[in-house]
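A structural walkthrough
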Amino acid sequence: MKTLALSKNGVPIRLPDGRWAHIEHEHDDLSGLKDEVLRTVTEPDRILAGGEGELLAVREVKSGKWLVVVYRELSASDRFVITAHLTRRIRQLERRKVIWP
């Protein structure tokens, strides 16, 4: 299974196995959706600013349901997925600064 995704900025973002195991444990509704998480980094509907330098890639995966992938691309050694989750609360996300498009 792949473990890298290319962000809209052309930066390779890692999703290490240990991080993926943690995400699946904390968000069991994402179990088996690793490729969807990586696809969201590569093909987001939008990218939003996080509160501490992280980015949030957001993609609608089902009508009214969005996949949010939180990641960093700050430096060569700090480019990785932090977490991911599904949400129906798009209004909370829309309050954040839009980075892309």
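Please refer to the structure placed before this passage.
Below is a summary of the structure that appears in this document.

**What to know about the overall build of the protein chain**
On a plain count of helices and strands, the protein chain comes out with three helices and seven strands. For the protein chain, the N- to C-terminal ordering of α and β elements is β-β-α-α-β-β-β-β-α-β. A compact globule built from 101 residues would reach a C-alpha radius of gyration of about 13 Å, and the protein chain, at 12 Å, matches this within 12%. Principal-axis analysis of the C-alpha atoms places the extent of the protein chain at approximately 30 × 30 × 20 Å. Here the protein chain holds 101 residues, and 38% of them are scored as buried. In the protein chain, 47% of the contacts between residues at least 6 apart in sequence involve partners at least 24 apart. Split by element, the accessible area of the protein chain, about 5,900 Å² in all, is 47% carbon and sulfur. Side chains of the protein chain carry 18 positive and 15 negative charges; the gap between the two charge centres is 4 Å.

Thresholds applied
Residues numbered from 1 in each chain as written. Predicted model: local features only at pLDDT ≥ 70, side-chain atom pairs only at ≥ 80, totals over all residues. Heavy atoms only, no water. Helix = DSSP H or I, 4+ residues; strand = E, 2+ residues; numbered from the N terminus. Rg over C-alpha atoms; globule rule 2.2 N^0.38 Å. Buried < 20%, exposed > 50% of the residue type's maximum accessible area, 1.4 Å probe, protein only. Contact = heavy atoms within 4.5 Å. Areas by Shrake-Rupley, 256 points an atom, 1.4 Å probe, with all protein chains shown as cover. Lys, Arg positive; Asp, Glu negative; His and termini not counted. Charge placed at Lys NZ, Arg CZ, Asp CG, Glu CD.

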